[in-house]
Amino acid sequence: MATSSFRGGLAMAVVLLPLLLLLALLAPLQCAAAAATCVGLAPAKRRREVISITEFGGVGEGRTVNTWAFRKAVYRIEHQRRRGGTELRVPAGTWLTGSFNLTSHMTLFLARGAVLKATTDTRRWPLVEPLPSYGRGREMPGARYASFISGNGLRDVVITGDKGVIDGQGEVWWNMWRRRTLQHTRPNLVEFMHSTGIHISNIVLKNSPFWNIHPVYCNNVVVTNMMILAPHDSPNTDGVDPDSSTNVCIEDSYISTGDDLVAIKSGWDEYGIAYGRPSSAITIRRVRGSSPFSGIAIGSEASGGVSDVLVEDCSIFNSGYGIHIKTNVGRGGYIKNVTVDNVRMSGVRVAGVRIAGDAGDHPDAHFSQLAVPTVDAVRITNVWGVGVQQPGSLEGIRSSPFTRICLSNVKLFGWRNGAAWRCRDVRGAALGVRPSPCAELATSFAAAGSCSF
């Protein structure tokens, strides 16, 4: 009996051993896939020196205006240039302040319980020049209001914390927009220009007057483990807007705002064409959120070009659109090499996927009708949605049809029976798409001859 049991156990071991070896080999691959990240583009560095805003006269009782304290602290960091940089720590409390700039080789750290709150005195808010790739303020001609926290020409800057909060108190600005009393374009909450090595993580942004995070003309930018919040009726409160920037990583964040969760841009019409700085190498991974407009958007201000975009493992719910690529005659530029993979949607009120050639307004009457954009090499795979009003709209430009639009394993189920894809001036292929794709898309990638990119 013992010999029989031994032989049985040996036989079982012989069967199980290859399986166990296979699992051991696969485990690192599975862990690597689960841990896919791009935060190494701009890691959060530890600083040798730590100072507190209280050392500069800061008072966190919610009534004292601390603008001068923050500006003094940043001036000290900039001019003493400590080796390894300096961390400016904001302890628990409510710290009211006007706008201020950061400097290179610094960390702004918001402790748990710290709330950095923008003043609501719009009359004293400083102005800055319009962006050259826009030619004017995005909302109004001429100058624009300075962002609440900003930096220009910086290197190695970190904004992080232990779930501290930056509150833009945007209601006063939203009401000015609603009443049409704005004199200039509203301020962003956080903006970096011409900067590299920017890391933003582990804090809450709320109630931005306009766009929340706006890296423009930047390189190596990381936004990770963030919560970005604004009411759904707050106008233009985009979550993260990479603009004419390269190597941008947006990961592991929750965004619920009044406009697009993420919108990739690169300048506006003739000004963006002339400035000629594209957005490229943009990764959006494990982002969840809700918006009355788009989950993930590209454009419509994409006149400098957008390329090499990866969107994966995202969840979009209670939104207007899921994936929205938008451009227009007069924009010029290009949108190409876009990959969207493994996106889940629910409660999408307009369309799960929209690629449109007639979206967006113009800065002035000087745009050229000959500036026709191109949209090419867009691959959308493994997308699943329920409660999607319309599966998709793929509508290009007659003089410049959208090409290599390739859909695979896209299943979108709607509230209405008979919901169908709408297509025109588009070429590509569709495999495993429900509801059935439109006739403009071939039923095999081989037949399309163009979806192997």
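Looking at an unreviewed UniProt entry, one finds the protein chain named Polygalacturonase and attributed to Digitaria exilis. Taken verbatim from the UniProt record of the protein chain, the Sequence similarities (unreviewed entry) comment is "Belongs to the glycosyl hydrolase 28 family."

Most of strand β6 (residues 106-110) sits out of view: 5 of its 5 residues are buried. Residues Met106, Leu108 and Leu110 of β6 are buried on one face, and the alternating residues Thr107 and Phe109, pointing to the opposite face, are buried as well. Of the pairings in the sheet, the one linking strand β3 (residues 86-90) to β6 comprises 5 bridges and is parallel in character. Paired with Arg89 across the strands is Phe109, a residue of β6. In this structure, β6 lies alongside strand β11 (residues 155-161), joined through 5 bridges in parallel fashion. Directly across from Leu110, in β11, lies its bridge partner Gly161.

Empty space among the atoms can be located by rolling a probe the size of a water molecule over them. Each pocket or cavity is described by its volume, and for the largest pocket that value is around 650 Å³. Residue lining of the largest pocket: 30 residues in total, with Arg138, Asn236, Asp259, Glu301 and Asp361 positioned closest to the centre. Those elements that place two or more of their residues in the lining of the largest pocket are α3 (171-179) and β23 (306-326). Per-element accounting of the lining of the largest pocket gives the leading share, 3 residues, to β23.

Calculation criteria
Residues numbered from 1 in each chain as written. Predicted model: local features only at pLDDT ≥ 70, side-chain atom pairs only at ≥ 80, totals over all residues. Heavy atoms only, no water. UniProt positions renumbered as here; feature names shortened; annotations may be inferred. Buried < 20%, exposed > 50% of the residue type's maximum accessible area, 1.4 Å probe, protein only. Helix = DSSP H or I, 4+ residues; strand = E, 2+ residues; numbered from the N terminus. Pairing = 2+ DSSP bridges. 1 Å grid on protein atoms, 1.4 Å probe; cavity = no way out; pocket = protein on both sides within 12 Å on 5 of 7 lines; lining within 4 Å. Points joined across faces, edges and corners; volume = space filled by probe spheres on them.

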